[in-house]
Amino acid sequence: MKTITVFKGDGIGPEITDAVIEILKAAKAPLSYEFFNVGAAEYERNGALIPDEAFQSFEKTRLLLKSPITTPIGKGFRSLNVTLRKKYDLYANIRPAKSNAAVPTPFPNVDIVTFRENTEGLYVGVEYKINEDTVHAIKIITRKASERIIRAAFEYAVSHNRKKVTCVHKANILKMTDGMFLDIFKAIAKEYPQIESDDKIVDNTCMQLVMHPETMDVIVTPNLYGDILSDLTSGLIGGLGLMPSMNIGDDYAMFEAVHGSAPDIAGKHIANPTALLWSACMLLEYIGETKIAANIRKAVDNVLAEKQHLTPDLGGKATTEEYRDAVIAKL
């Protein structure tokens, strides 16, 4: 039995978390749970975005299943995702986007895994007000962070029988920062001759992804581009409601849905828990419970294929709870 920390988050967070935990229990996942409320609502209640006990739990379990957390735009506190990634050095943000035959899109053959560097780039949030009319943002790229995310992408390609790793950059303009990232990529690629490697400029990559996504396999890229491209790839497979992710460091691992807290539909019981559920499957695989993860994935695929209990974002009319019960029934 493995204990994991669970952050319930804001907006739809508590609803989809409850649904996922019920499915995990029905699947007999060998997990016990320590639950915490975090985010804007917790801040308003108790003056802390993340309670000290929640940090302490994660530092003990080293495994975190995290629901969406609201981040104010342009003001207020810093993103809790960024805070957690920095605090626990969760340097690899891994987001798989894979087509599902039950979810019709114009792109039936997408199978792309994005490796996003998670600790630096523009996301360090270093900004300087020069005067009333000028603000500078600082982008930081280091050799250490670049090497470990690029190596992680190649190691994943080897262990998961992938064929190609593509470095996405803007080194034609950002010759020092992205230039160094690209140089490091080319050097490390030579250590993996069995894996095809290439590089693409980020704007061209966006075009290629919506014209020929089947040509992309594993992508490795600095922080900001990874954020944008992984949302794009989620659109190719049917939306953010189907996109899981994991944030991995040497000592800690956090698993979360890519989508936001969707406060506009909070409490309406129509949120789709699939992305968080598939993130939980990634957690199960991470700890070696691959059979249970496969059973859950198969149950979800069956529910999606039958189209009888789909949430509104997938074109159905089911509630979160009806979708949850349908998955449990398939288990």
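Residues numbered from 1 in each chain as written. Predicted model: local features only at pLDDT ≥ 70, side-chain atom pairs only at ≥ 80, totals over all residues. Heavy atoms only, no water.

*Asks:* Any chance you could explain the state of the cysteines here in plain terms?
*Replies:* Chemically, a disulfide is nothing more than a covalent bond linking the sulfur atoms of two cysteines. One pass over the full model with this rule turns up zero disulfides. Between Cys-167, a free cysteine, and Cys-206, which holds the nearest cysteine sulfur, the sulfur-to-sulfur gap is 14 Å. Of the residues examined, Cys-167 reaches a relative accessible area of 0% and is grouped as buried. (Disulfide = S-S within 2.5 Å. Buried < 20%, exposed > 50% of the residue type's maximum accessible area, 1.4 Å probe, protein only.)

*Asks:* Just to check I follow, could you spell out a nonpolar patch on the surface for this structure?
*Replies:* Together, Tyr-128, Ile-130, Ile-138 and Ile-140 make up a nonpolar patch on the protein surface, roughly 340 Å² of accessible area in all. By secondary structure assignment, the location of Ile-140 is in strand β7 (residues 134-140). (Patch = residues over 30% accessible without salt bridge, like charges linked within 9 Å, V, L, I, M, F, W, Y side chains within 5 Å. Areas by Shrake-Rupley, 256 points an atom, 1.4 Å probe, with all protein chains shown as cover. Salt bridge = Lys/Arg side-chain N within 4 Å of Asp/Glu carboxyl O. Helix = DSSP H or I, 4+ residues; strand = E, 2+ residues; numbered from the N terminus.)

*Asks:* Would you mind showing me how to read the pattern of salt bridges here?
*Replies:* This model, assessed by the stated rule, comprises 22 salt bridges. Its salt-bridge partner being Lys-200, residue Asp-198 comes within 3.1 Å of it at the nearest N-O pair. Look at Lys-200 and you get buried, because its relative accessible area is 17%. Across the salt bridge formed by Asp-325 and Arg-324, the nearest N and O atoms sit 2.9 Å from each other.

*Asks:* Got a minute to help me understand the side chain of Thr-5 in this structure?
*Replies:* Position of Thr-5 relative to the elements: it lies in strand β1 (residues 2-7). Judged by relative accessible area, which is 0%, Thr-5 ranks as buried. Here Thr-5 is in contact with Glu-34, Phe-36, Ala-54, Ser-57, Phe-58, Thr-61, Leu-63, Leu-64 and Leu-65, once residues within four sequence places are set aside. (Contact = heavy atoms within 4.5 Å.)

*Asks:* Just to check I follow, could you spell out the packing of aromatic side chains for this structure?
*Replies:* Two aromatic rings, taken as a pair, are described by how far apart their centres are and by the angle between their planes. The tally for this structure, following the rule as stated, stands at 10 aromatic pairs. Here the aromatic rings of Tyr-33 and Phe-35 are separated by 5.8 Å at their centres, their planes lie at 25 degrees, and the arrangement is stacked. Here Tyr-33 falls in the buried class, since its relative accessible area comes to 17%. Ring pairing ties together the aromatic residues Phe-55, Phe-58, Tyr-88 and Tyr-252, which thus form one cluster. Of note, Lys-87 hangs over the ring of Phe-55, and the distance from its end group to the ring centre comes to 5.0 Å. (Phe/Tyr/Trp six-rings, centres within 6.5 Å; stacked < 30°, edge-to-face > 60°. Lys NZ or Arg CZ within 6 Å of the ring centre and 35° of its normal.)

*Asks:* In this structure, what is going on with helix α5 (residues 143-159)? I would like to understand it.
*Replies:* Owing to its 3.6 residues per turn, the α-helix brings residues three or four apart onto one side. Spanning 17 residues, α5 covers 24 Å between terminal C-alpha atoms, matching the ideal 24 Å at 1.5 Å per step. Against β4 (92-98), β5 (111-117), β8 (164-169), α6 (177-189), β9 (196-201) and β10 (218-221) lie the buried residues of α5. The positive-phi residue at the C-terminal boundary of α5 is Asn-161, with phi of around 55 degrees. (Expected span 1.5 Å × (residues − 1).)

*Asks:* Help me understand the sheet that holds β1 in this model?
*Replies:* Each strand in a sheet pairs with another by means of backbone hydrogen bonds, the pair being arranged parallel or else antiparallel. Here 10 strands make up an open sheet; going across it, the order is β2-β1-β3-β12-β11-β4-β5-β10-β8-β9 and the pairing mixed. Two strands lie at the open edges of the sheet, namely β2 (31-36) and β9, each paired on one side alone. Each strand axis lies, on average, 25 degrees off the axis of its neighbour in the sheet, ignoring direction. Of the strands in this sheet, β4, β5, β8, β9 and β10 touch α5, which is tilted by about 160 degrees from β5. (Pairing = 2+ DSSP bridges. Axes fitted to C-alpha atoms, helices over the stretch in contact; angles between N-to-C directions.)

*Asks:* Explanation requested: the environment of Asn-93 in the structure shown.
*Replies:* Tracing the backbone through its elements, the reader meets Asn-93 in strand β4. With a relative accessible area of 0%, Asn-93 lands in the buried category. A sequence separation of 26 residues divides Asn-93 from Thr-119, and the C-alpha atoms of the two residues are 9.4 Å apart. Apart from residues no more than four positions distant in its own chain, Asn-93 is found in contact with Arg-85, Thr-114, Phe-115, Arg-116, Asn-118, Ser-245, Met-246 and Asn-247.

*Asks:* Explanation requested: the environment of Phe-35 in the structure shown.
*Replies:* One can find Phe-35 in strand β2. Phe-35 sits 30 residues away from Thr-5 along the chain, and the two C-alpha atoms are 6.2 Å apart. When residues no more than four places from it in sequence are discounted, the contact partners of Phe-35 are Val-6, Lys-8 and Ile-21.

*Asks:* Looking at this structure, how should I read the nonpolar core?
*Replies:* In a soluble, globular protein the nonpolar side chains are often hidden away together inside. In this structure, Leu-24, Leu-65, Phe-115, Val-220 and Ile-296 are the most contacted members of the largest nonpolar core, which totals 83 residues. Among the elements that line this core, the one with the most residues is helix α9 (residues 274-286), at nine residues. Look past the residues within four positions of Leu-24 in its chain and what remains in contact with it is Ala-29, Leu-31, Tyr-33, Ala-280, Leu-284 and Ile-296. Listed in part, the 16 residues of the second largest apolar core include Phe-36, Phe-58, Leu-80 and Tyr-252. (Core = buried A, V, L, I, M, F, W, Y, C linked by side-chain atoms within 4.5 Å.)

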